[in-house]
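Structure assessment
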Amino acid sequence: MHTWKRVRSKHSLEYCDSCRRYFFNGRELEVILLIVQISDLHYAPTSDADAGLERAYGLISALEPDLIVAAGDLTHDGLTEQFDQVYRFLERLGISRVRAIPGNRDFPAGNSTVDRPLDSDLEYFLGAPDTAFTDHELPGLAADRTPFTDFFADLDFFDRFPDATVVGLNSEPQIPDDAFKRGTDFFRGSSPAVPRVFCTHRSLLPVPRKRVKEGDLLKNAASILAELLNLNVRLAMCAHVHRGHAWRLSNDEGEIVVVNSPSLIDSSGTKETGFLAIQMEPDGDVAVDLHTLNQAERRRLLQRSKTARRL
Ligand SMILES: [Fe+2]
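Residues numbered from 1 in each chain as written. Predicted model: local features only at pLDDT ≥ 70, side-chain atom pairs only at ≥ 80, totals over all residues.

1. Quick look at the overall build of the protein
Test applied: Think of it this way: any DSSP run of H or I at least four residues long counts as a helix, any run of E at least two long counts as a strand, and we number them from the N terminus. In this description, any two residues whose backbone-derived C-beta atoms lie within 7 Å of each other are considered to be in contact.
Each helix and strand counted, the protein has seven helices and 16 strands in total. Once local pairs closer than 6 in sequence are excluded, the contacts in the protein between residues at least 24 apart make up 65%.

Structure follows, in structure tokens:
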């Protein structure tokens with residue numbers, strides 16, 4: 001018994017809520033891997049944040065994703081007690097299917113809201129009119145210190161699943177060359193028949209309705225994308241700019257889908273909150289849905305390219 005929900009499309013693409021399958025002109029489209037991407041929780045214990053996590057838990061667990069990628073900025077200030085609550089949330093979702101990388105907020109030295117050492121003269125320097133102030137230069141805190149590794153095995157992850165080879169790299173404040181090489185070597189050592197997926201926190205492409213600020217994009221984003229295309233990586237996930245968007249990018253080497261996820265629960269300003277649900281077929285073809293938390297609606301950001309070719 002199907003419970004039909006029309007997918008926003010001029011084509012005959014429909015989704016059955018009961019059996020979690022997509023149909024095109026009545027014919028089932030096989031979905032073998034469902035990835036949920038969450039990011040930029042900026043979690044700090046408030047009633048709004050806890051209510052947001054509860055709503056997110058209900059929506060995500062109903063989808064029964066195969067893999068949940070937490071793409072950084074899990075916490076507001078990088079504090080252990082904030083990580084503790086986020087980790088409990090991920091545990092409820094099933095920690096064995098979660099892979100995570102940190103974002104800039106998860107390194108306490110990079111945040112301006114965390115308490116500083118009492119002997120800091122930071123206030124004086126911040127008040128000086130010509131003081132240049134950048135991330136990771138605050139006194140009394142190591143730039144590379146984060147409680148993230150008290151909860152997760154490493155700042156990066158490298159995994160081979162039957163349906164995807166997945167690499168996530170810490171991008172704070174950038175992706176080190178040796179870490180990127182380790183990631184590309186991992187892809188090269190994996191079966192070319194298994195779709196390849198890449199993840200990092202800082203954005204790889206600008207998104208509409210968001211003016212690009214210093215630090216939004218990785219400085220070597222174009223080189224990273226070119227290398228990922230060269231390696232036939234099918235999906236690149238990034239975050240940081242708090243906007244849901246999907247690009248399909250191609251060159252003579254191949255095609256890659258690049259997605260930016262919105263903040264999961266931080267609705268400050270007029271931002272839309274939610275997460276991405278990414279369906280990947282065995283041949284690496286990708287479709288992307290944005291699930292909003294505020295309106296609890298599903299909005300398709302990107303159709304499968306095969307669907308378009310069938311028309
Ligand atoms: Fe960020």
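2. A short note on the confidence of the model for the protein
Heads up, the condition is: Confidence of the prediction at every residue is given by pLDDT, a number between 0 and 100.
The predicted model of the protein averages 85 in pLDDT, with 79% of residues at 70 or higher. Here residues 6-11 scores under 50 on pLDDT; set against residues more than four positions off or in separate chains, the count is eleven contacts. Taken as a whole, residues 113-137 scores under 50 in pLDDT and shows 24 contacts with residues more than four places along the chain or in a different chain.

3. Brief notes about the nonpolar core
Selection rule: Here, a nonpolar core means buried Ala, Val, Leu, Ile, Met, Phe, Trp, Tyr and Cys residues linked by C-beta atoms lying within 7 Å of one another. A residue is called partly exposed when the number of other C-beta atoms within 10 Å of its own lies between 12 and 20, exposed at 12 or fewer, and buried at 20 or more, with C-beta atoms placed from the backbone.
Counting residues in each nonpolar core, the largest one holds 70 residues, and the members touching the most others are Ala70, Leu204, Val233, Leu235, Ala236 and Ile278. Once residues within four sequence positions are removed from consideration, Ala236 is found in contact with Phe198, Leu204, Leu228, Ile256 and Val258.

4. Focus: the environment of His242
Tracing the backbone through its elements, the reader meets His242 in the loop between β11 (233-238) and β12 (245-251). Among the residues examined, His242 registers 23 C-beta atoms within 10 Å and is labelled buried. Placed 32 residues apart in sequence, His242 and Gly274 show a C-alpha to C-alpha distance of 9.6 Å. Sequence-distant contacts of His242, defined by excluding residues within four places in its chain, comprise Asp40, Pro262, Ser263, Asp266 and Lys271.

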